[in-house]
Structure formats: C-alpha cells, structure tokens
Amino acid sequence: MLFDRLSERGTAFLGTDYPIICGAMTWISDVTLMKAVAKNGAFPVLAGGNMDPDLFEQEIDRCIDQLKTPFGANLITIAPNYRAQYEILLDKDVGFVVFAGSFPRKSDIQGMKKSGKKVMSFASGESIASQQIRFGADALILEGNEAGGHVGHVSLMVLLQQVLFKFDQVPIFVGGGLATGQMMAHLMLMGAAGCQFGTLFVMTEECTAHEDFKQAFTRARARQAVATPQYDSRLPIVAVRAIRNRGTDDFGNLQLDLLKRLEREELSREKAQYEVEKYWVGALRRAVVDGDVDQGSLMAGQSVGLVGDVRPMKEVIEQLVSDAEEELERVAGRLI
Ligand SMILES: Cc1cc2nc3c(=O)[nH]c(=O)nc-3n(C[C@H](O)[C@H](O)[C@H](O)COP(=O)(O)O)c2cc1C
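One numbering rule holds for all chains: residues counted from 1, following each sequence as written. In keeping with the model being predicted, local features are shown solely for residues with a pLDDT of at least 70 and side-chain atom pairs are shown and tallied solely at 80 or more, while totals for entire chains, interfaces and linings include all residues.

**Student:** Help me out: how do you make sense of the overall build of the chain in this one?
**Tutor:** Segments assigned H or I by DSSP are reported as helices when at least four residues long, segments assigned E as strands when at least two residues long, and all are numbered from the N terminus. For the chain, the helix and strand inventory stands at 14 helices and eleven strands. Using C-alpha atoms as the atom set, the radius of gyration is obtained and then compared with a globule rule of 2.2 Å times the number of residues to the power 0.38. Over its C-alpha atoms the chain spans a radius of gyration of 20 Å, differing by no more than 12% from the 20 Å that the globule rule assigns to 336 residues. For the chain, the spread of C-alpha atoms along the principal axes amounts to about 65 × 45 × 40 Å. Here, residue contact means that the backbone-derived C-beta atoms of the two residues sit within 7 Å. Put simply, 64% of the contacts in the chain that link residues at least 6 apart link residues at least 24 apart.

Quick look at the structure:
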C-alpha cells in the first residue's frame, strides 16, 4: 500500500500503526480521549496546560498505567507551572515530550533527551525550525495559522515551502486546518512524516468535552473560527483561534475601550495589559467543562468547517486512513 510506504518514517518515530497525532488540547486531552486515540492506532498527547503540579503527576501516572502504546506529554513553556511540570515529567517513564508555547531552551531539550525521551517542538518558521533541530529536537510539528488554539502568524501554505521543503534531518509532522485523509495523503507526498489533528478529534464520542461545546463545533463554519485581533501595538495580544461568540466580541470592545482610556491617560499601560490578560483566564475551561458557549473560549481551527457530527473515534481514524489510501491510488493512477 502506498500509504504504508509513505507512513514508514512517521510510524517508526512514533511507534504507532498510523502517523496520526491527536494534538494536546488543554481540558480536552485527558486519559479517556488518549485511550481512544491509542486503541485505534494513532498517537495521543496529554495536555499539561497550566495544571497544578500534583494533578499533572496524577494524570501522567494514569496514562502510564492505562496506555499500552506510545504517547507524549505536552508542556507549555510559558505556563506558570511549566518548570514544576518539567521536573515531574523528567523522572517519568514517558516516551515523548511535546513542547509548546514559546520555544524551549536548548538545556530543556537536552535535559529531556538525557532522561530518554524523544523531543518534539513546534516550528513557526525557517529560523525556528533550524534552531530547534540544532538544539536537538527529534521531530518538528509544523502548524499553520489555520489551527485551533494559540497560533503563529503564517499560513500552512507558506510554512510548507519555508520549512517542509527545506529540512529533512528530522521527521516533520504537519497540522493546522486539517480534517481529511485526502489532505493527509497530499501532505505526505510533499514530505510530511504524518499529520496532527485537534478540532477533528474533539468531534468524537470519546472526547469528554461538554455536549454544547461540540454542538458549537457542529454549527460553525470555517470563517467563524477567527484569530484574536490586535488593534494596537501598545496592547499586545497572544493570538488564539476560536469560534466567534459574545466573548470574542466583548474582548474586541474591551481592547478598544482600554485604548481610548490609554489615549486619555486615564490608566497606565501595565493596568491595561493586566485587564487584557485577565479577560480570558479560565475561559477555555468554562467552554469545555461547563458548556458556556457564549462567553467561554471556543478554541477551534478553521478545520471546524470540515467536521460534521460527533462520531466514534474508530470511525474517524479509519476514515482518515482509507481516504488517504484512496487518494494516493487516485494520484498514482493520474501519474501513469
Ligand atoms: C480546544 C483546543 C485546545 C488546544 N490546546 C493546546 C494545548 O494545550 N497545547 C498545544 O500544544 N496545542 C493545543 N491546541 C492545538 C492542537 O494541539 C492542534 O495542534 C491544533 O488543534 C491543530 O489544528 P486543527 O484544530 O485545525 O486540527 C489546542 C487546540 C484546540 C482546538
């Protein structure tokens, strides 16, 4: 099978049947979702988020106990609990660490490698890709701005040309805006070792996110998954792609109001920045766990326009693989 041949590098690296990664999703990627991903031949990643260190350790131990195939743990380098989580993970028998947030320092990558883990990190451009390989990353995740959650500035189309076509030293897994086996097939033809999906896996029966959160995904179109705008460099924003709701509109109005007050010298820049950062604290949990789809953060990729109803994980993964296989046969037929 063509798909098996193209999958070899990715599956050898991950130790799975398929080169498919379920990207870590804070409040969503728990042991329940991970077990469903693993059982169906793909690679799950535990989301560290900003989890309290004791809870993080318990979650890791549950994964070690309950998962019989390889999995990773995601650490967000800018999370306040990052350092404590890092130290806990170092001593655990977990095969992979996936660094996110900002870019991990060389010493952090090397520390994890010394403890026997394979290191994956995100590459948001050519220089970062080159730096992360130099620092010792064993694989890269190349994720376009179409993705759900925290996003970089550059579209996948450009990143493919900037990074995928230029680096071959380590496997590169591609993500952001993906939801079909057809697209996976074409990305693997271009050189991707495999693909990472987030939004698609939210729409599974095994995902424990609130029903209303999933319903919001079913209804949303691709263009409704928008990245947070930044109106002025005096108020820097960390961009997050989420489905537009009352919360995102109110956040836009808050920024405009703060800028007017800054203009009138009614408040300091520090206070304005604090108000901006405070706004989304706890918002993802409110949406995912409590089902507050009006004011919570409905993080989703533009791929939300490609997903439909909630389905069993087995069906989702089997369809990805069979659609990829069919697409490769179709392409091969066109080339002869
Ligand atoms: C609700 C949600 C939460 C996410 N949380 C994280 C996270 O904690 N860490 C991380 O590295 N990526 C996070 N992501 C990004 C995903 O792991 C994945 O890379 C992304 O969803 C891929 O884009 P797609 O949604 O279009 O498939 C999150 C994405 C979503 C939709």
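**Student:** Please explain the pairing of strand β11 (residues 240-243) as it appears in this structure.
**Tutor:** Looking along a regular strand, one sees the side chains alternate between the two faces of the sheet. Here the rule is simple: two strands pair whenever DSSP picks up at least two bridges between them. Inspection of the sheet shows strand β7 (residues 149-150) paired to β11 by two bridges, in the antiparallel sense. Bridge pairing in β11 places His150 opposite Val240. Two strands pair when backbone bridges link them, and strand β10 (residues 225-227) and β11 are joined in this way by three bridges, in the antiparallel orientation. Within β11, the position partnered with Val226 by the bridge is Ala242.

**Student:** I would appreciate a short explanation of the site of the ligand in the present structure.
**Tutor:** By convention here, the C-beta atom is placed from the backbone, and a residue is near a molecule or strand when that atom is within 6 Å of it. Around the ligand sit 28 residues in total, of which Gly23, Gly148, Gly149, Gly198 and Gly301 are the nearest. Every element with two or more residues in the shell around the ligand is listed here: β3 (72-76), β9 (194-197) and α9 (199-202). For the shell around the ligand, the per-class residue count stands at twelve nonpolar, 14 polar and two charged. Following the grouping adopted for this structure description, the nonpolar residues are Ala, Val, Leu, Ile, Met, Phe, Trp, Tyr, Cys and Pro, the charged ones are Asp, Glu, Lys and Arg, and the polar ones are all others, Gly among them.

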